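# Chain and residue survey
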Amino acid sequence: EDQVTQSPEALRLQEGESSSLNCSYTVSGLRGLFWYRQDPGKGPEFLFTLYSAGEEKEKERLKATLTKKESFLHITAPKPEDSATYLCAVQASGRQGAQKLVFGQGTRLTINP
Amino acid sequence: GAGVSQSPSNKVTEKGKDVELRCDPISGHTALYWYRQSLGQGLEFLIYFQGNSAPDKSGLPSDRFSAERTGGSVSTLTIQRTQQEDSAVYLCASSLSVGAGQPQHFGDGTRLSIL
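Okay, so let's go over this structure. Because the structure is predicted, anything quoted here is derived from the model rather than measured.

## A look at the pairing of strand β11 (residues 110–114) of chain B
The side chains of a regular strand alternate, residue by residue, between the two faces of the sheet. Residues and elements named next belong to chain B. Side-chain alternation along β11 places T110, L112 and I114 on a buried face and R111 and S113 on a face that remains uncovered. Bridging between strand β2 (residues 10–13) and β11 involves four bridges; their strand directions are parallel. Bridging across to β11, T13 finds its partner in I114. Looking at chain direction, strand β9 (residues 88–95) and β11 are connected through three bridges and run antiparallel. Looking at β11, one finds that A88 is bridged to L112.

Spelled out as structure tokens, the structure:
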């Protein structure tokens, strides 16, 4: 069964304090690993897709990396507006369930000014 | 609008009643997905549509749940004889196609509360 585990569950940082969020996954065959940001009362907002080990993607203060077993979301010099829940999801290969996303529980990130 | 639109945004109903939730995907997106987000459960896949057909209904929790999509656009998720455990946020997403790694773009959901 495809599984995604995110850690930590919650993280508090001071503004400017860089850190990383972890997403560990087990999947029969990876079609894509996705990172989303979710604000309270809103739907998840797409950030990145990663396809293969060694790939990296960047957007503003965020950089996502991928290995064969895990992905990291690095946040550099965060600002209070980066506070949100960050969700990781995988899309697996195979006839059954090849389109659905399997999500982790998320990391709730708080950036204090 | 530019994004996925869901209605109603909030729904409160009594146990045993039927409810219909609506999703209007991004124009031109052929694939449409329904997920459920409960406290402590994370996002769970329910069903996905490619055009008007539903190749994967594996996530529907019981036969009280059904969904349809007409004209390759709007979709409705129907829950019959609602139970308290159906309380959750129901999220709809759409993607341009079903190719590998195609991002799914989400609406803001319908918050369903069963009294």
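## Topic: the pairing of strand β6 (residues 53–56) of chain B
Residue and element names in this part refer to chain B. Here strand β5 (residues 42–50) runs beside β6; their pairing, made up of two bridges, is antiparallel. Counterpart to Y48 in the pairing with β6 is D56. Count of turn residues in the β5/β6 antiparallel hairpin: two residues, of which G51 carries a positive phi of about 65°.

## A short note on the side chain of Q38 of chain A
Of note, Q38 of chain A is situated in strand β4 (residues 30–38). Within the structure, Q38 of chain A has its side chain in polar contact with the backbone oxygen of K42 of chain A (distance 2.8 Å).

Each value, and the rule that gives it
- Residues numbered from 1 in each chain as written.
- Chains lettered and ligands numbered in written order.
- Predicted model: local features only at pLDDT ≥ 70, side-chain atom pairs only at ≥ 80, totals over all residues.
- Heavy atoms only, no water.
- Buried < 20%, exposed > 50% of the residue type's maximum accessible area, 1.4 Å probe, protein only.
- Helix = DSSP H or I, 4+ residues; strand = E, 2+ residues; numbered from the N terminus.
- Pairing = 2+ DSSP bridges.
- Polar contact = N/O pair within 3.5 Å; in protein donor to acceptor, adjacent residues only side chain to side chain.

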